[in-house]
Every structure is written in structure tokens, then in C-alpha cells.
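Residue-level structure breakdown
Letter by letter, the chains look like this.
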Amino acid sequence: MSATSQAANVSTATAAGGGIVTASAKAVETVTLSGWITDNAIMIGIVCTVLSLIMSLVFNLINRMDAKRRAKEEIAMKAKFECAMKAKFEWIREGKTDEEIKDLLKRTGLE
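Residues numbered from 1 in each chain as written. Predicted model: local features only at pLDDT ≥ 70, side-chain atom pairs only at ≥ 80, totals over all residues. Heavy atoms only, no water.

**A look at helix 4 (residues 98–108)**
Taken residue by residue, helix 4 has Ile-101, Leu-104 and Leu-105 as its buried positions. Here the buried residues of helix 4 occupy an arc of 100 degrees about the axis, which is enough to place them on one side. Summarising the geometry of helix 4, the exposed residues directed more than 90 degrees from the buried face are Glu-99, Lys-102, Lys-106 and Arg-107. Where helix 4 ends, the next residue or the one after it, Gly-109, has phi of about 80 degrees, a positive value. (Buried < 20%, exposed > 50% of the residue type's maximum accessible area, 1.4 Å probe, protein only. Helix = DSSP H or I, 4+ residues; strand = E, 2+ residues; numbered from the N terminus. Arc of directions from axis to C-beta.)

Structural data, given as C-alpha cells:
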């Protein structure tokens, strides 16, 4: 699992947990909290929850874009490998030596 997908999962869990904790903090209203925080706990919780959900969406989008990029790179690498193998077999059929084949692969950028 990539770092961005883990971050997205953590953001989603944090958003859900933040809403629950905020609601319970408002219900309990401990005396150690200042009056302003206590009075605005629901609003603070909603803002934190929305921000966490936005972060979760951003991380999920980054993860999807990264997965697409990796898939494209894999396809390109496979195509390059297949092209190199076809060229190598053709050169072997033509009777080229291993050193000539390595040199040709190096020059064509298929090595």
C-alpha cells in the first residue's frame, strides 16, 4: 500500500473520528476547556471534519494519478523489453555475435 493511500485512509478515519469526538466533547463539556472552545466545539468539529474529508479526497486523487502513471510506465517498459527481445532474436538469426548484439542494443537504447 502506498504512502498516499495510507494517508487517505488515515484522513478518512480522522474525519469520522473527529466528528464523534466533537459531539461527545460538547455533550460532556468538561471544566478544563475554556468557555469559548466549549461553546464553539461543534463548529470547530465540523470545520475539522470537512478539512479532513477534503484532505482525504486530495490524497485519494493523488493515489489514483500515481497508480495510472505507474501502469503507463509498466506498459512502456514491457513494450521496450519486447522490442529488444525481437531485435535480439532477429540479430541472432542473422548470425551476429553476443558482443555485436550488446553494442547494437546499446546504440538503439533498448538495453
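**Thoughts on the packing of helix 3 (residues 41–93) against helix 4**
Their axes nearest at 10 Å, the elements helix 3 and helix 4 cross at an angle of 145 degrees. Remark: the crossing between helix 3 and helix 4 carries right-handed chirality. Contacts from Ala-84, Lys-88, Trp-91 and Ile-92 in helix 3 reach Ile-101, Leu-104, Leu-105 and Thr-108 in helix 4. Taken together, the residues of the contact of helix 3 with helix 4 break down into six nonpolar, one polar and one charged. (Axes fitted to C-alpha atoms, helices over the stretch in contact; angles between N-to-C directions. Left-handed = near helix turned anticlockwise from the far one by under 90°. Contact = heavy atoms within 4.5 Å. Nonpolar A, V, L, I, M, F, W, Y, C, P; charged D, E, K, R; others polar.)

**Quick look at the nonpolar core**
By size, the foremost hydrophobic cluster in this structure holds six residues: Ala-84, Ala-87, Trp-91, Ile-101, Leu-104 and Leu-105. Where this core is concerned, the elements lending two or more residues are helix 3 and helix 4. Residues within four places of Ile-101 in sequence aside, it is in contact with Lys-88, Trp-91, Ile-92 and Lys-96. (Core = buried A, V, L, I, M, F, W, Y, C linked by side-chain atoms within 4.5 Å.)

**Regarding the pattern of salt bridges**
With the rule as written, the count across this model stands at five salt bridges. Residue Arg-69 pairs with Asp-66 through a salt bridge whose shortest N-O separation is 2.4 Å. With Arg-69 and Asp-66 both in helix 3 and three residues apart, the pair spans about one turn of that helix. Of the charged contacts, one joins Arg-93 and Glu-90 as a salt bridge, the two residues approaching to 3.6 Å between their closest N and O atoms. In this pair, Arg-93 and Glu-90 both sit in helix 3, three residues apart, roughly one turn of the helix. Here Arg-93 falls in the exposed class, since its relative accessible area comes to 67%. Relative accessible area serves as the criterion here: at 40%, Glu-90 is assigned to the partly exposed category. (Salt bridge = Lys/Arg side-chain N within 4 Å of Asp/Glu carboxyl O.)

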